[in-house]
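Residue-level listing of the chains:
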Amino acid sequence: MSQTSAHVAPDRRALDVAVRALTAPDLAPILDLVAWPDPDAGRDDSGRPRAVLVADHGGTARLDADHPDGLVIAGRHPLPSTDPMAFLPYADEVANPSPDHDDNAYPFPWSRLASFFTDPRSPDVAIVHTAKHWFPEQGGHLGEHGSLDVIQSRAPFLLSGAGVARRGIVDDHARLVDVMPTLAWLAGVEPEALGDLDGVVRSDLVGRGATYVVGLLWDGGHPGSLLDLAARGELPAVARLLERGCALSGGAVAEFPSLTLVNHTSMLTGVGPGRHGVVGNVYWDRAADRRVVPNDAATWHLTSELYRDGVTTLFEAVDRARPGVRTASVNEMTERGSWASTFALVRAALSSGEAVDPGQAESAESRDFLSAVRSLLPDPYASDLVSHERCRSDDDYAFYSGIDLLGLSTVIGLFSAADPADRPVVTWWSQYTTDAGHHAGGPRSPIGLDGLRDCDRRLGAFLDHLESIGVLDDAVFLVTADHGFETAEESVRGSWSPALAAALDPLGVPWRDEGPGFLYLGVAPDA
Ligand SMILES: [Zn+2]
């Protein structure tokens, strides 16, 4: 299916008024910057804007293919740095947590913003929260992500095992869109067959030779903490992998926005949101005239219905190159084309009519559905691979601990087949307790670090199993995440909604702010 309906140019006066209101100096503590397609530059045939404007209270810059870091058109540059290696070594990040705008860095602003604004489901204006902004009344957590900034956009990138040189920590960075081409190539897909992707094969870091390719996503797994804890001996399974490989100090840069479903999709399709179409965890679909909430337990199993034409998942690419081999996508929303998939089981249960209908995201039906799912999960309190104290203090931590235990039993089951031909040549396993722990407490908080430790215990159990059946040395592993995290400050409160209302309502232009941060002009809010 295709959602490539035409872009609707926003009302120019409303756009100008909205940008002026959002860049008022009094909003600067909570509002980092705004970005929007340059209305004077138009779009190419793919819908990609030919230029993007970025502004904050101090200035405006215009970004395009010839000026990917932007040219100032008013005031001073709103992007003080675009260095993907900013706040390294990790001690620099620890010393400057949740930096102010003028001290922050925003890597790959042109390519990431241009991709984001290509899909017609993207907003007229993207509004980025400051790292310190705390907005619990609008769904924000103490630990947050989603920004264009470097720390919220930085995910781990660790390679280990067969074909990987033992280089330890390497001072370099990758991009999350590199994950799919790299793993597909390792699994035997030729680069020509991958076609023109946004990501590249990182053959400078790993060579072919593994029988089994294993991708491990720790959602929101903070890369600085991951490598720091591993070095301290507190993540023995990660350390075990690092001993047999390398990790990039700059990690992998997420696509914009640095949100969950955008980046799960980007890393497993090798293209940014403008080409796969999953532009946010929640957005307004103008063509369908409805609010869409893809990142919800009620809709995770339907993610592939949102894809634009031409998208190829890792699993589809491997299946085309090597028909008949098995691939597995465990607890992962990007799963189209996989031989075994957690969400295919969900769809099968729903189509049989025997499962609770999940209904719309956030509806009463979806809560019933979640209760049913939860009753089927392993009990986190019965497992010594879970910090029970954290489950008691944070319900999301308990829920995702159950999910992650289910994931562990699934991956062990996949590698329990007696006949080697029945084992998956590509396995992707996503864990989520890291995200729950970091939302609850932010980076370096006790609950955030326990999320990493618990995921490591489960990874250790998986590695032990692979060793016990004699295949550990035949596997290549990639450890990554979908985004980073920064900690809000409880004193930095407020909303830009009153300023938008004061600016736009007198014009009679309706507007919606989804997220908040996705501003749609000319679309009526809910009655
Ligand atoms: Zn996430």
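Model, not experiment: these values are computed from the prediction. (Residues numbered from 1 in each chain as written. Predicted model: local features only at pLDDT ≥ 70, side-chain atom pairs only at ≥ 80, totals over all residues. Heavy atoms only, no water.)

The helix and strand tally for the protein chain stands at 18 helices and 22 strands. Expected size for 527 residues packed as a compact globule is a radius of gyration near 24 Å; at 22 Å, the protein chain falls within 12% of this value. Of the contacts made within the protein chain by residues no fewer than 6 positions apart, 71% connect residues no fewer than 24 positions apart. When the accessible surface of the protein chain is summed, it comes to about 19,300 Å², and 51% of that surface belongs to carbon and sulfur atoms. Side chains of the protein chain carry 41 positive and 75 negative charges; the gap between the two charge centres is 2 Å. (Helix = DSSP H or I, 4+ residues; strand = E, 2+ residues; numbered from the N terminus. Rg over C-alpha atoms; globule rule 2.2 N^0.38 Å. Contact = heavy atoms within 4.5 Å. Areas by Shrake-Rupley, 256 points an atom, 1.4 Å probe, with all protein chains shown as cover. Lys, Arg positive; Asp, Glu negative; His and termini not counted. Charge placed at Lys NZ, Arg CZ, Asp CG, Glu CD.)

Structurally, the position occupied by Ser329 is in strand E16 (residues 327-330). For Ser329, a relative accessible area of 1% corresponds to the buried category. Apart from residues no more than four positions distant in its own chain, Ser329 is found in contact with Phe315, Thr334, Glu335, Ser338, Ala340, Ser341, Thr342 and Trp428. (Buried < 20%, exposed > 50% of the residue type's maximum accessible area, 1.4 Å probe, protein only.)

The next point concerns the packing of helix H16 (residues 433-441) against helix H17 (residues 446-468). For the pair H16 and H17, interaxial distance at closest approach is 7 Å and the crossing angle is 170 degrees. As summarised for this structure, H16 and H17 are arranged roughly antiparallel, according to the angle between their axes. Together, Thr433, Thr434, Gly437, His438, Ala440 and Gly441 of H16 and Ile447, Gly448, Gly451, Leu452, Cys455 and Arg458 of H17 make up the contact between the two elements. For the contact of H16 with H17, a count of residues per class yields four nonpolar, seven polar and one charged. (Axes fitted to C-alpha atoms, helices over the stretch in contact; angles between N-to-C directions. Parallel < 35°, antiparallel > 145°, perpendicular 65-115°, else oblique. Nonpolar A, V, L, I, M, F, W, Y, C, P; charged D, E, K, R; others polar.)

Attention now goes to the packing of helix H15 (residues 395-414) against H16. Where H15 contacts H16, the two axes come as close as 8 Å, and the packing angle between them is 170 degrees. It follows from the interaxial angle that H15 and H16 lie roughly antiparallel. Considering the relative orientation of H15 and H16, their crossing is left-handed. In contact with Asp396, Tyr397, Tyr400, Ser401 and Asp404 of H15, H16 contributes Thr433, Ala436 and Gly437. (Left-handed = near helix turned anticlockwise from the far one by under 90°.)

The next subject is the coordination of the zinc ion. At this site the zinc ion is bound by Asp219 (OD), Thr260 (OG1), Asp482 (OD) and His483 (NE2), with donor distances of 1.9 to 2.1 Å. For the zinc ion, the four donor atoms are set out with angles of 97 to 135 degrees between them, so the coordination reads as irregular. Read from N- to C-terminus, the donor residues coordinating the zinc ion fall into the pattern D-x40-T-x221-D-H. You can see Asp219 sitting in the loop between strand E11 (212-218) and helix H7 (223-231) and its partner His483 sitting in the loop between strand E19 (475-480) and strand E20 (486-487), a full 264 residues away along the chain. A single burial state applies to Asp219 and to His483, both of which are buried. (Donors = N, O, S within 2.8 Å, 3.2 Å for Na, K, Ca; no water. Tetrahedral: all angles 85-135°; square planar, octahedral: opposite > 155°, others 65-115°.)

Note the cis peptide between Leu88 and Pro89, where omega equals 0 degrees. On the secondary structure map, Pro89 appears in the loop between strand E4 (67-75) and helix H2 (90-95). The omega torsion of the bond from Gly515 to Pro516 falls at 0 degrees, within 30 degrees of zero and hence cis. Note that Pro516 resides in the loop between strand E21 (511-514) and strand E22 (518-521). Although it is not a glycine, Asn331 sits at a positive phi angle of roughly 55 degrees.

A word on the sheet that holds strand E13 (residues 252-253). Taking strand neighbours across the sheet as the criterion, the three strands line up as E7-E13-E10 in an open arrangement whose pairing is mixed. The sheet is open, and its two borders are formed by strand E7 (154-155) and strand E10 (174-175), each paired with just one other strand. (Pairing = 2+ DSSP bridges.)

This part covers the pairing of E22. When a strand is regular, its side chains alternate between the sheet's two faces. Of the two faces of E22, the one holding Phe518 and Tyr520 and the one holding Leu519 and Leu521 are both buried throughout. The pairing of strand E5 (residues 125-129) with E22 spans two bridges and is antiparallel. Across the sheet, Val125 pairs through a bridge with Leu519, a residue of E22. With four bridges connecting them, E21 and E22 associate as antiparallel partners. Its bridge partner being in E22, Glu514 is matched across the sheet by Phe518.

Before going further, it helps to spend a moment on the packing of aromatic side chains. Applying the stated rule across the entire model yields nine aromatic pairs. Relative to Phe343, the ring of Trp300 lies with its centre 6.3 Å away and its plane at 65 degrees, an arrangement referred to as edge-to-face. Here Trp300 is found in the loop between strand E15 (290-292) and helix H11 (314-321), whereas its partner Phe343 is found in helix H12 (residues 342-351), with 43 residues between them in sequence. Take Trp300: its relative accessible area is 12%, and that puts it in the buried class. By relative accessible area, Phe343 is classed as buried at 10%. Members of the aromatic cluster, each reached through a chain of ring pairs, are Phe116, Phe117, Phe256 and Phe518. (Phe/Tyr/Trp six-rings, centres within 6.5 Å; stacked < 30°, edge-to-face > 60°.)

To continue, consider the nonpolar core. Residues Leu459, Phe462 and Phe477 are the most contacted members of the largest nonpolar core, which totals 81 residues. Considering each element in turn, this core owes the most residues, nine residues, to H15. Among residues more than four places away in sequence, those in contact with Phe462 are Val214, Leu408, Val411, Ile412, Phe415 and Trp429. The next biggest cluster of nonpolar side chains, apart from the first, holds 40 residues, and it includes Val170, Ala187, Leu205 and Leu248. (Core = buried A, V, L, I, M, F, W, Y, C linked by side-chain atoms within 4.5 Å.)

Just distances and angles here, no functional claims.
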